[in-house]
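Observations on the three-dimensional arrangement
Spelled out, the chains give:
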Amino acid sequence: MKNSRNDNQEETIISPVLPTYARTDVAIEYGKGVYAYDQNDKEYLDFGCGIGVNNLGFCHPELVKTLTEQASKVWHTSNVYRIPGQERLAERLAENTFADTMFFTNSGAEAVECAMKMARRYHNENENPERYRIITFEGCFHGRTLATIAASGKEKLVGGFGPMMDAFDYVSFYRDMSKVEQAITHETAAIMIEPVMGEGGIKPVSSDNMRILRDLCDKHDILLIFDEVQCGMGRTEKLFAYQHSNISPDILCAAKGIGCGFPMGACLATEKVGRCMTKGSHGSTYGGNPMAMAIGNKVLDIMLADGFFDHVEQMSYDLRKGLMTLRNKYPDIIDLVRGVGLMLGLKLKLEPPTFVAKALAHGLLVVGAADNVVRLLPPLVIEKKHMDEALEKLELVCAEIEKELPDPQSEEDE
Ligand SMILES: *Cc1c(COP(=O)(O)O)cnc(C)c1O
């Protein structure tokens, strides 16, 4: 029956998987540490981490052990019962952050949804139901649900999915914080920002601007939401990126690195905000399930161990130094190097896909981003030798691209 229309020559054949991704024709069969291996056993040095997710590399022995042990105990109960792993993880995350309370999700977008619901609920409980709008920033990314694409407003995300929820006010990115204050109205509930913008092209918010945002929120009694789905969980050599500044948010979204590849997320909040989420106000079937919680706790064990972040800091310093040298050698290809910790970006003078494809051919996984940026998001457990290997491969890529650049001399001659 499915083929009943195949007499129509014009019919396009769709793949059984929705064609929403422009996929590279590589399938990773297995991975070990910082290396991935494809269907032909070709080896790749992974400086992408599945877009900032596998922060402890592939098949970390302790994570594999934890997951297999938990798998033979219990996978799923329901949030109608107590889940001890959830209580433990929440306590520990609270101890190490600004948060007093949190909700566990399965993904980043769900954590952001939870944050936005909380912001509205908070103002409702405080007799300000007119405060429902959220200020967001040009180029931001918060996920792919209807509300989170509306939060971004980027045409690439919202095109064809309208009408969009009219609940966001967009401010251009960053330098001029007076624009933010101008955007605040009596309907504003919150400001939401990525402390280091990921998809938008690795753009860190300075400590000064973090301070300004905090002060604005306090002055106008609105909430500050940090989306740390990409920049959180050790990526910037602190557990969360906001910890580089001397302020904290009211709500924070985590995901990606929090499960190091096991799907999970969390929405952290202060008591002031969290107490408005009363019984029955929110829920998730899988959020905070025992498998995810076992992994989440183990990831924290590893990251909170002595010296873990010192190592990340050292690697970051060395990698940046290497990248700056590369930039100085190839100024026609690399415009600048930016980022924090092991969340680094090369802003190119060309479009990233060529660079990413050449890196792949040389066995190096890197990820493109907006603003002509190639992201380097290596596992936090890389060692000096991996970094040297990556820098060698990046140099080969630059040398190849340079050869293909039009020769300015010969053009002038023509
Ligand atoms: C990836 C990402 C999300 C969305 O996470 P999903 O797990 O894909 O839903 C949200 N915010 C930021 C900053 C991200 O990088």
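Residues numbered from 1 in each chain as written. Predicted model: local features only at pLDDT ≥ 70, side-chain atom pairs only at ≥ 80, totals over all residues. Heavy atoms only, no water.

Points about the overall build of the chain
- Of regular secondary structure, the chain possesses 14 helices and 17 strands.
- Over its C-alpha trace the chain gives a radius of gyration of 23 Å, about what one expects of a compact globule, namely 22 Å for 414 residues.
- Taken over the C-alpha atoms alone, the chain extends approximately 70 × 65 × 55 Å along its principal axes.
- When the 414 residues of the chain are sorted by exposure, 51% land in the buried category.
- Long-range contacts, defined as pairs at least 24 residues apart, comprise 73% of the intrachain contacts of the chain with a sequence gap of at least 6.
- Taken as two groups, the 44 positive and 60 negative side-chain charges of the chain have centres that lie 4 Å from each other. (Helix = DSSP H or I, 4+ residues; strand = E, 2+ residues; numbered from the N terminus. Rg over C-alpha atoms; globule rule 2.2 N^0.38 Å. Buried < 20%, exposed > 50% of the residue type's maximum accessible area, 1.4 Å probe, protein only. Contact = heavy atoms within 4.5 Å. Lys, Arg positive; Asp, Glu negative; His and termini not counted. Charge placed at Lys NZ, Arg CZ, Asp CG, Glu CD.)

Considering helix H10 (residues 290-304)
- Counted at 1.5 Å a residue, the expected span for H10 with its 15 residues is 21 Å, and the 21 Å between its end C-alpha atoms agrees.
- Its side-chain oxygen placed 3.1 Å from the backbone nitrogen of Met291, Asn289 serves as the N-cap of H10. (Expected span 1.5 Å × (residues − 1). Polar contact = N/O pair within 3.5 Å; in protein donor to acceptor, adjacent residues only side chain to side chain.)

Comments concerning the site of the ligand
- In the neighbourhood of the ligand, the contacting residues comprise Ser107, Gly108, Ala109, Phe141, His142, Gly143, Glu194, Asp227, Val229, Gln230 and Lys256.
- Contact between the ligand and Ala109: an oxygen atom at 2.8 Å from a main-chain N or O atom of the residue.
- Between an oxygen atom of the ligand and a side-chain N or O atom of Lys256, the distance comes to 2.6 Å.
- Computed on the free molecule, the ligand has an accessible area of 390 Å², of which 81% lies beneath the protein chains in the complex. (Near = heavy atom within 4 Å. Areas by Shrake-Rupley, 256 points an atom, 1.4 Å probe, with all protein chains shown as cover.)

Topic: the pattern of salt bridges
- With the rule as written, the count across this model stands at 23 salt bridges.
- A salt bridge links Arg82 to Glu87, with the nearest nitrogen and oxygen atoms 2.9 Å apart.
- When the shortest N-O distance is used, the salt bridge between Arg214 and Asp218 registers 2.9 Å. Placement of both Arg214 and Asp218 in helix H8 (residues 207-220) is noted, with a separation of four residues, approximately one turn of the helix.
- Take Arg214: its relative accessible area is 9%, and that puts it in the buried class.
- Overlapping salt bridges bring together Glu62, Arg92, Lys298 and Asp301 as one network. (Salt bridge = Lys/Arg side-chain N within 4 Å of Asp/Glu carboxyl O.)

Comments concerning unusual backbone geometry
- The omega angle of the peptide bond from Gly162 to Pro163 is -5°, so this bond is cis rather than trans.
- On the secondary structure map, Pro163 appears in the loop between helix H6 (155-158) and strand E6 (168-171).
- A positive phi is found at Asp41, a non-glycine position, where the angle reads about 65°.
- Within the fold, Asp41 resides in the loop between strand E2 (35-38) and strand E3 (43-46).
- On the basis of relative accessible area, Asp41 is assigned to the exposed category, the value being 52%.

Looking at the environment of Ile135
- For Ile135, the position within the fold is in strand E5 (residues 133-137).
- In sequence terms Ile135 and Ile184 are 49 residues apart; their C-alpha atoms lie 7.7 Å from each other.
- Look past the residues within four positions of Ile135 in its chain and what remains in contact with it is Asp169, Val171, Val180, Ala183, Ile184, Thr188, Ala190, Ile191 and Met192.

Focus on the sheet that holds E2
- Taken together, the four strands give an open sheet; going across it, the order is E1-E2-E3-E15, and neighbouring strands pair in mixed fashion. The sheet terminates laterally at strand E1 (28-32) and strand E15 (364-365), the two strands that pair on one side only.
- Here four bridges tie E1 to E2, and the two strands are oriented antiparallel to one another. Across the sheet, the residue bridging to Tyr30 is Tyr37, located in E2. (Pairing = 2+ DSSP bridges.)

A closer look at the sheet that holds strand E16 (residues 367-369)
- In spatial order, the strands read E13-E14-E17-E16; together these four strands make up an open sheet with antiparallel pairing. Here the strands that pair on one side only, and so sit at the sheet edges, are strand E13 (334-340) and E16. The mean inter-strand angle of the sheet, taken between neighbouring strand axes irrespective of direction, is 30°.
- Bridging between E16 and strand E17 (residues 373-376) involves three bridges; their strand directions are antiparallel. Bridge pairing links Val367 to Arg375 in E17.
- In the packing of helix H11 (residues 308-329) onto the sheet, the strands contacted are E13, strand E14 (343-348) and E17, and the crossing angle to E13 comes to about 170°. (Axes fitted to C-alpha atoms, helices over the stretch in contact; angles between N-to-C directions.)

Some points on the nonpolar core
- Among the nonpolar cores identified, the biggest contains 83 residues, and Phe47, Phe104, Ile191, Met303, Leu323 and Phe355 are the most heavily contacted of them.
- Each of domain 1 (2-59 + 307-408) and domain 2 (74-303) accounts for three or more of the residues forming this core.
- Sequence-distant contacts of Leu323, defined by excluding residues within four places in its chain, comprise Val337, Leu344, Leu346, Leu376, Leu391 and Leu394. (Core = buried A, V, L, I, M, F, W, Y, C linked by side-chain atoms within 4.5 Å. Domains from an automatic or database assignment.)

Structural notes on the domain arrangement of the chain
- The domain architecture assigned to the chain consists of domain 1 (2-59 + 307-408) and domain 2 (74-303).
- One C-alpha centre belongs to domain 1, the other to domain 2, and the line joining them spans 27 Å.
- Of the residues lining the interface, 29 residues belong to domain 1; the matching set on domain 2 comes to 27 residues.
- Both faces considered, domain 1 and domain 2 share a buried interface measuring about 2,200 Å² in area, 64% of it formed by carbon and sulfur atoms.
- Summed over the three residues of domain 1 that lose the most area to domain 2, namely Phe309, Val340 and Met343, the buried surface amounts to 30% of that side.
- Remark: the boundary between domain 1 and domain 2 carries two salt bridges.
- Salt-bridge contacts for Lys203 lead to Asp371; the nearest nitrogen and oxygen are separated by 3.9 Å. (Buried area = accessible area lost by both parts, 1.4 Å probe.)

Some details on the environment of Ala399
- Its location among the elements puts Ala399 in helix H13 (residues 384-404).
- The partly exposed category is assigned to Ala399, whose relative accessible area is 28%.
- With 115 residues separating them along the chain, Ala399 and Ser284 place their C-alpha atoms 50 Å apart.

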